[in-house]
Amino acid sequence: VSWGVANSYGEIAPLTGIPGTVGATPIQNVGAYGTEVSELISSVKVYDREQLKVKQLSNDECKFSYRNSIFKEIPNRFVVLTVQFKLAKTNQILVKYDELANKLEVTVGESAGQVEIMQAVRQLRASKGMLIDATDRDTYSVGSFFLNPRVTAT
């Protein structure tokens with residue numbers, strides 16, 4: 001994420017501070033602060049344990065949905081080898097998440113600078129103990145797999 005922001009690929013900024021590896025992100029369709037990694041992935045190269053061959057899966061073939069993918073639907077079949085991202089050069093990013101908008105003092109749907117978004121997300125994550133701090137053992141983490149509740153209006 002830091003490399004992306006430093007090179008003006010700002011769309012990835014809301015994903016800052018998430019522990020883990022790039023190869024794990026498509027499995028869970030990792031997301032934070034209004035951005036899901038599936039929005040940024042063009043394809044995933046995998047080793048298919050069933051067919052015993054390397055395959056390139058398109059974004060659609062990954063069957064991404066909220067915190068889900070084909071990799072979770074068919075566990076142990078695929079080994080993620082590489083992830084191909086489709087990132088556009090941009091320094092301004094649409095703010096899609098209430099808490100982030102409040103932190104940035106903007107309205108959801110407005111744009112903000114990539115660096116400001118990355119800094120705000122890191123501050124929000126740190127305030128929740130979700131940013132690894134070598135001096136604070138309570139922040140040590142191997143990541144998390146959780147779902148925000150989906151509630152329908154009645």
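Attention in this report is confined to the structure presented alongside it. These numbers were taken from a predicted model, which means no experiment stands behind them.

A word on empty space enclosed by the protein
- Inspection of every chain in the model, using the stated rule, returns one cavity of 30 Å³ or more.
- Taken as a whole, the largest cavity holds about 30 Å³ of empty space.
- Around the largest cavity, the lining residues are Pro14, Tyr33, Gly34, Thr35, Ile93, Leu94, Val95, Lys96, Leu100 and Ile117.
- For the lining of the largest cavity, the per-class residue count stands at seven nonpolar, two polar and one charged.

Regarding the pattern of salt bridges
- Counted by the stated rule, this structure contains six salt bridges.
- Between Asp48 and Lys55 there is a salt bridge whose closest N-O contact spans 3.3 Å.
- Given a relative accessible area of 0%, Asp48 falls into the buried group.
- Take Lys55: its relative accessible area is 22%, and that puts it in the partly exposed class.
- Where salt bridges share partners, they join Asp48, Glu50, Lys55 and Arg77 into one cluster.

A few points about the sheet that holds strand S3 (residues 41–48)
- The strand order across the open sheet formed by three strands is S4-S3-S5, and the pairing between neighbours is antiparallel. The open sheet has two free edges, formed respectively by strand S4 (53–58) and strand S5 (78–85), since each of these has just one partner strand. Averaged over all pairs of adjacent strands, the angle between their axes in this sheet comes to 20 degrees, without regard to strand direction.
- As judged from the six bridges shared by S3 and S4, these two strands associate in the antiparallel manner. When the bridges of S4 are listed, Asp48 appears paired with Lys53.

Some details on the packing of aromatic side chains
- A full pass over the atoms with the stated rule returns three aromatic pairs.
- Their ring planes at 15 degrees and their centres at 5.7 Å tell us that Trp3 and Tyr9 sit as a pair that is stacked.
- Pairing Phe71 with Phe78 gives two aromatic rings, centres 5.8 Å apart and planes at 90 degrees, and the pair type is edge-to-face. Neither Phe71 nor Phe78 differs from the other in exposure class; each is buried.

Here is what the cut-offs are and how they apply
- Residues numbered from 1 in each chain as written.
- Predicted model: local features only at pLDDT ≥ 70, side-chain atom pairs only at ≥ 80, totals over all residues.
- Heavy atoms only, no water.
- 1 Å grid on protein atoms, 1.4 Å probe; cavity = no way out; pocket = protein on both sides within 12 Å on 5 of 7 lines; lining within 4 Å.
- Points joined across faces, edges and corners; volume = space filled by probe spheres on them.
- Nonpolar A, V, L, I, M, F, W, Y, C, P; charged D, E, K, R; others polar.
- Salt bridge = Lys/Arg side-chain N within 4 Å of Asp/Glu carboxyl O.
- Buried < 20%, exposed > 50% of the residue type's maximum accessible area, 1.4 Å probe, protein only.
- Pairing = 2+ DSSP bridges.
- Helix = DSSP H or I, 4+ residues; strand = E, 2+ residues; numbered from the N terminus.
- Axes fitted to C-alpha atoms, helices over the stretch in contact; angles between N-to-C directions.
- Phe/Tyr/Trp six-rings, centres within 6.5 Å; stacked < 30°, edge-to-face > 60°.

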